[in-house]
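# Commentary on secondary and tertiary structure
Each chain, written out:
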Amino acid sequence: MYNRVILMGRLTRDPELRTTQSGIAMCRFSVAVDRQYSKGEEKQADFFDVTVWRNTAEFVCKYFSKGKMIHLEGRLQNNNYTDNNGVKHYATAIIADNVSFCGDRSGTPGQPDYKPSQEALPQRSAAGSVGSPAPAPQPIELGDLGDFEEILSDGEVPF
């Protein structure tokens, strides 16, 4: 079984940071994702509620605000409940475990040319989680490639 969601859209409201009784950071926000449309049709969007936890929650609240583009990966979770009147409510939320900037980072409210420095951003490991910085990639020395010859042209591919 597989439950994975990848979205890119704009925040429809400022993220709300809260802390659980045990001190764990949690942040909720909503993302609007444009639907595909044909020329001449009216634009439409889908709206998704998103929840992030711990360091990711603090990261989102610090660097994102209403209108900013965001890329996120996570999973769908149903939050169904019955209220005091016996009415069943259905809600689906996205629990994101990886978020990142996309698009232009400038234009933070109050700071028109804001671009966070690399030192200010939490470092992500190769797996994408916030933590210690990943080692810098080392350049690969290819040497002289003149000894190689083309084996197949596009017309000689056997499939």
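Structure: see above.
Residues numbered from 1 in each chain as written. Predicted model: local features only at pLDDT ≥ 70, side-chain atom pairs only at ≥ 80, totals over all residues. Heavy atoms only, no water.

## Description of the pattern of salt bridges
Tallied over the full model, the rule gives five salt bridges. The salt bridge involving Glu73 is made with Arg4; its shortest N-O contact spans 3.4 Å. Of this pair, Glu73 sits in strand E5 (residues 69-78) while Arg4 sits in the segment before strand E1 (5-11), placing them 69 residues apart in sequence. Among the residues examined, Arg4 registers a relative accessible area of 35% and is labelled partly exposed. With its nearest N and O atoms 3.8 Å apart, the salt bridge here joins Glu16 to Arg13. (Salt bridge = Lys/Arg side-chain N within 4 Å of Asp/Glu carboxyl O. Helix = DSSP H or I, 4+ residues; strand = E, 2+ residues; numbered from the N terminus. Buried < 20%, exposed > 50% of the residue type's maximum accessible area, 1.4 Å probe, protein only.)

## Focus: the nonpolar core
With 20 residues, the main nonpolar core has Phe29, Val50, Val52, Ile70, Leu72 and Val99 as its most contacted residues. Within the residue set of this core, elements represented by two or more residues are E1, strand E3 (25-34), strand E4 (45-53), helix H1 (54-63), E5 and strand E8 (92-101). Here this core gets five residues from one element, more than from any other, and that element is E3. Setting aside residues up to four positions removed in sequence, Val52 forms contacts with Ala25, Met26, Cys27, Phe29, Ala57, Val60, Ala96 and Val99. (Core = buried A, V, L, I, M, F, W, Y, C linked by side-chain atoms within 4.5 Å. Contact = heavy atoms within 4.5 Å.)

## Re the packing of aromatic side chains
Applying the stated criterion to the full structure yields five aromatic pairs. Ring geometry for Phe59 against Tyr63: centres 5.4 Å apart, planes inclined by 50°, an arrangement best described as tilted. Linking Phe59 with Tyr63, this pair stays in helix H1, spanning four residues, or about one helical turn. Judged on exposure class, the residue Phe59 and its partner Tyr63 are both buried. Measuring from ring centre to ring centre gives 6.0 Å for Phe59 and Phe64, while their planes differ by 70°; the resulting arrangement is edge-to-face. (Phe/Tyr/Trp six-rings, centres within 6.5 Å; stacked < 30°, edge-to-face > 60°.)

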